[in-house]
Amino acid sequence: MSRAKKNSGGASKDAPQGAMQKILDVVERVGNKVPHPALIFLGLIALVIVLAHVLSLMGTSVTYQQINAATQSVDTVTTRAQTLLNVEGIRFMYTSLIPSFMGFTAVGLMIVAMVGAGVAEESGLVKALIRKLVIVSPPKALTYILVFAGILSSVAADAGYLVLIPLAGIAFISIGRHPLAGLAAGFASVAGAFTVNMLIKPLDAVLTEFTNDAIHLVNPAISIDLTANLWFSIVSVLFLTVVITLITERIIEPRLGEYKGEKPKDAEEARLTAAESRGLLFAFLGLIGVLAVFAILTLPAWAPLRNPTTGAIVGNSPFMNGLIAVIMILFLVTGAAYGYGAGTIKSVNDIIKAMEKSIGNLGSLIFLLLIISQFIAYFNYTNMATILAVKMADGLKGANIGPLWLLIGFIVVVAILDLLITGAIAKWAIFAPVFVPVFVQLKIAPEAVLAAYRIADSPVNMITPLNAYFVMVVAFAQKYEKNAGVGTLVALMLPYVVGIFACWTALFVVWYLLGLPWGL
């Protein structure tokens, strides 16, 4: 890597070289020397096949209680290691290629979101909005605003990964700051605080239901509500906004130094042109129109996007289940409206070309996700993740330590397992019936256990390649530094992982010791 490119993507040669900076430089150099991610996952697939066969020959198994998501009953389950090298395993590998890939929801979400986002980007709406944000926002507040928006984006499921992270990079470069620092701040806010929000979201309903089913194993008279962690979540959002911002500005940006790469022409212009201002007005009118349509489809009692049984809008409802479509339509309509107003879009053909371009840029990422989907399918089929999770949980349960230390140990164990099982719901289906009854018997509020789980589930999402969006963020980074790789991203995100995990756990400890209410 040449010196110029090094300064554009990795740590700056002029940046202070403290002990942490040197460690992160080593992580980046080592990480970027690893093979292409596709080769890494092909190697992992081979390792899973061999290791699963060995465990199967040894008769490895675990017995535990698990919540049945369909019936909400608690079942006693014995899980054995399954080999992929027998008739059933070979048949599974042969027949699961397409179903495993098609079941990888991240692919569909990305394609649908990029249909709208591509129009917004090609029309110039994204750049104009970012520049407008930069103009009206105090420079010192920009990071706080982007991080806060990133944390709240989890209410729209995975939309934050697809929209806010690239926008954060554009926002930073627009005011002369390093775009990789913007990407890192966006990724940290979206992934590192995914389980908390200031609003109730669909994930809360599932986690609460699983928690109640686990509580009823030992005490059917106790239940928690959907808002059981609301106060802790609200404070966590504000607290993590400050933590992520400080890590970005005090650690990440000094390490990266000045950005030496090519800057967009728009970044040099302080004011919006008359055409751009007219485009933003058209986009605003388009936004009002979209919101009006969806208001009609959701607000009336008869609205088709409400839950047909309960009438709810938030939670398990058609509106929330199809929220990515709302995001797509918003970007599509506002992007097209901006283009017509600013003169960057002349016809419907221009809109279609923008869609085709944005989806075409996903080609290499879709190929990699194809391989990752096979690895996850094989790993789940062998039951190795479940066996490891239960073994670690049993070890923690058997430790003779106090309630608070047991909660902290629980946070650590779940965080480690998050490297392998990234889904918040999948992990809680295993851990809830294992840990919640233990804590209830120790007179520890189940709300505290659920709050601890929220902390454990999020930070490691930033550095595990099993996060479906990890490779996508690498692709975003390569837009600004073509030599960026897995090591670049891991080195960028490690300070966030350590900082968020330590500070958030400290907040949890203080909250627990003070006996503050976790929610309503």
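Thresholds applied
- Residues numbered from 1 in each chain as written.
- Predicted model: local features only at pLDDT ≥ 70, side-chain atom pairs only at ≥ 80, totals over all residues.
- Heavy atoms only, no water.
- Helix = DSSP H or I, 4+ residues; strand = E, 2+ residues; numbered from the N terminus.
- Buried < 20%, exposed > 50% of the residue type's maximum accessible area, 1.4 Å probe, protein only.
- Contact = heavy atoms within 4.5 Å.
- Areas by Shrake-Rupley, 256 points an atom, 1.4 Å probe, with all protein chains shown as cover.
- Phe/Tyr/Trp six-rings, centres within 6.5 Å; stacked < 30°, edge-to-face > 60°.
- Salt bridge = Lys/Arg side-chain N within 4 Å of Asp/Glu carboxyl O.
- pLDDT = per-residue confidence, 0-100.
- Axes fitted to C-alpha atoms, helices over the stretch in contact; angles between N-to-C directions.
- Parallel < 35°, antiparallel > 145°, perpendicular 65-115°, else oblique.
- Left-handed = near helix turned anticlockwise from the far one by under 90°.
- Nonpolar A, V, L, I, M, F, W, Y, C, P; charged D, E, K, R; others polar.
- Core = buried A, V, L, I, M, F, W, Y, C linked by side-chain atoms within 4.5 Å.

### Section: the overall build of the protein chain
- A count of helical and extended segments in the protein chain gives 23 helices and two strands.
- Sorting the 520 residues of the protein chain into buried and exposed places 52% on the buried side.
- Excluding contacts between residues fewer than 6 apart, the proportion of contacts in the protein chain whose partners are at least 24 apart in sequence is 79%.
- For the protein chain, the exposed area adds up to about 22,700 Å²; of that, 68% sits on carbon and sulfur atoms.

### A short note on the packing of aromatic side chains
- According to the stated counting rule, one finds 15 aromatic pairs in the structure shown.
- Judged by centre distance (6.3 Å) and plane angle (65°), the ring pair of Phe92 and Tyr378 falls under edge-to-face. With Phe92 in helix H4 (residues 87-95) and Tyr378 in helix H17 (residues 363-382), this pair connects stretches of sequence that are 286 residues apart.
- With relative accessibility at 22%, the residue Phe92 sits in the partly exposed group.
- Since its relative accessible area comes to 9%, Tyr378 is described here as buried.
- For the ring pair Tyr259 and Tyr480, a centre distance of 6.5 Å and an interplane angle of 80° mean the geometry is edge-to-face. Residue Tyr259 is located in the loop between helix H12 (230-256) and helix H13 (274-298), and its partner Tyr480 is located in the loop between helix H22 (470-478) and helix H23 (486-514); the two are separated by 221 residues in the primary sequence.
- Exposure remark for Tyr259: the relative accessible area of 5% places this residue in the buried category.
- Here the aromatic residues Phe232, Phe508, Trp511, Tyr512 and Trp518 are joined through ring pairs into a cluster of three or more.

### Here's the deal with the environment of Gly409
- Mapped onto the fold, Gly409 is located in helix H19 (residues 403-417).
- The buried category is assigned to Gly409, whose relative accessible area is 15%.
- Residues Gly409 and Ala452, 43 residues apart in the sequence, show an inter-C-alpha distance of 10.0 Å.

### Concerning the pattern of salt bridges
- Enumeration over the complete set of coordinates arrives at five salt bridges.
- Between Arg177 and Glu253 there is a salt bridge, with the nearest N and O atoms lying 2.6 Å from each other. In this pair, Arg177 sits in the loop between helix H9 (159-174) and helix H10 (179-191) while Glu253 sits in helix H12, placing the two residues 76 residues apart along the sequence.
- For Lys260, the salt bridge is made with Glu258, and the minimal N-O distance between the two is 3.2 Å.
- When salt bridges with common partners are traced through the structure, they connect Arg177, Glu249 and Glu253 into a single cluster.

### A closer look at the confidence of the model for the protein chain
- In this model, the protein chain carries an average pLDDT of 82, and 84% of its residues clear a pLDDT of 70 or more.
- The weakest mean pLDDT in the protein chain belongs to helix H1 (residues 3-9) at 42; the strongest belongs to H4 at 95.
- Counting contacts from residues 1-9, a segment whose pLDDT is below 50, to residues more than four positions away or on other chains yields 27 contacts.
- Between residues 266-270, whose pLDDT stays under 50, and residues either more than four places distant or in other chains, the model counts seven contacts.

### Topic: the packing of H4 against H17
- Put simply, H4 and H17 touch, their axes get as near as 11 Å, and they point 155° apart. As the angle between them shows, H4 and H17 are arranged roughly antiparallel. When you trace H4 past H17, the crossing you get is right-handed. Contacts between H4 and H17 involve Glu88, Gly89, Phe92 and Met93 from the former and Ala377, Tyr378 and Tyr381 from the latter.
- Split into classes, the residues belonging to the contact of H4 with H17 amount to five nonpolar, one polar and one charged.

### Regarding the nonpolar core
- Counting 143 residues, the largest nonpolar core has Phe187, Phe410, Trp428, Met493, Tyr496 and Phe508 as its most contacted members.
- At 12 residues, the largest contribution of residues to this core is made by H23.
- For Phe508, the contacting residues outside a window of four places in its chain are Phe232, Leu404, Leu407, Ile411, Ala448, Ala451, Ala452, Ile455 and Trp518.
- With seven residues, the next largest nonpolar core counts Val290, Phe294, Phe319 and Leu323 among its residues.

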